[in-house]
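What follows is each chain in one-letter form.
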Amino acid sequence: MGIPRTYQALLDRLLPEDVTVHQGQFHQVVIGAESVVCLPRTDAAAARLPERAAVLRVLAELDLGFATPRPLGESGPGEPPYLLLSRVPGAPLKAGAPEDLVAAEYVRLLAALAKAGADERPVLVLAAIAGAGSFTHI
């Protein structure tokens, strides 16, 4: 899967090392050694990048007990839309992963989010972000 030409110079600057590219429904994700660049595949996905970065900043501060990508940079005027994130080590679960393993990961995630939800500070920040739009698509 190729990277659009409009992003090639940007990616050469942000990720000068060898990269791996994955394509999702809304983004093309270019993974470097220490950082990741999310390239939106649609105008709607591009419009949600600033909101996504804001939510990730809040989540990264919650000490959830697992690594959370941290926004490192965003597109500026005259640049194609992108979001530069810190890379979280690991690999996606392989298709057919044992259901108990997947369930255990969800339990860990939900427990950490429930604990974080008791802290009113991030709840207020997320509510303010939601007031500017909806973060249901992040």
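Just so we're clear, the structure is a prediction, and the values are computed from it rather than from any experiment.

Student: Honestly, the confidence of the model for the protein chain in this entry has me stumped. Any pointers?
Tutor: Any residue range with low pLDDT should be treated as having predicted coordinates unsuitable for detailed reading. Mean pLDDT over the protein chain stands at 83; residues scoring 70 or higher make up 88%. For the protein chain, the element scoring lowest by mean pLDDT is helix α4 (residues 120–131), at 68; strand β5 (residues 83–86) scores highest, at 97. In the model, residues 134–138 has pLDDT below 50 throughout and makes ten contacts with residues more than four positions away in sequence or in other chains.

Student: Just checking my understanding: could you explain the pairing of strand β3 (residues 35–40) for this structure?
Tutor: Among the six residues of β3, six are classified as buried, and the element is accordingly described as predominantly covered. Sheet topology note: the strand β2 (residues 27–31)/β3 ladder contains five bridges and is antiparallel. Opposite V30, over in β3, you have V37 as the bridge partner. Hairpin geometry of β2 and β3 is characterised by an intervening segment of three residues between the two adjacent antiparallel strands. The pairing of β3 with β5 spans four bridges and is antiparallel. Residue pairing in the sheet places V37 in a bridge with L84 of β5.

Student: Before we go on, may I ask you to explain the pairing of β5 in this structure?
Tutor: Side-chain direction in a regular strand flips from residue to residue, so the side chains alternate between the two faces of the sheet. With burial as the criterion, each face of β5 is covered, one bearing L83 and L85 and the other bearing L84 and S86. Direction of pairing for strand β4 (residues 71–74) relative to β5: antiparallel, over a ladder of three bridges. Across the sheet, the residue bridging to E74 is L83, located in β5.

Student: What's the story with the pattern of salt bridges in this structure? I'm lost.
Tutor: Here the structure, examined in full by the defined rule, presents three salt bridges. A salt bridge links E74 to R57, with the nearest nitrogen and oxygen atoms 2.7 Å apart. Of this pair, E74 sits in strand β4 while R57 is found in helix α2 (residues 43–60), placing the two residues 17 residues apart along the sequence. The class for E74 is partly exposed, based on a relative accessible area of 32%. The exposure class assigned to R57 is partly exposed, which follows from its relative accessible area of 39%. Here R70 and E61 are joined by a salt bridge, their closest N and O atoms 3.2 Å apart. According to the relative accessible area criterion, E61 is exposed, its value standing at 52%.

Rules and cut-offs
- Residues numbered from 1 in each chain as written.
- Predicted model: local features only at pLDDT ≥ 70, side-chain atom pairs only at ≥ 80, totals over all residues.
- Heavy atoms only, no water.
- pLDDT = per-residue confidence, 0-100.
- Helix = DSSP H or I, 4+ residues; strand = E, 2+ residues; numbered from the N terminus.
- Contact = heavy atoms within 4.5 Å.
- Buried < 20%, exposed > 50% of the residue type's maximum accessible area, 1.4 Å probe, protein only.
- Pairing = 2+ DSSP bridges.
- Salt bridge = Lys/Arg side-chain N within 4 Å of Asp/Glu carboxyl O.

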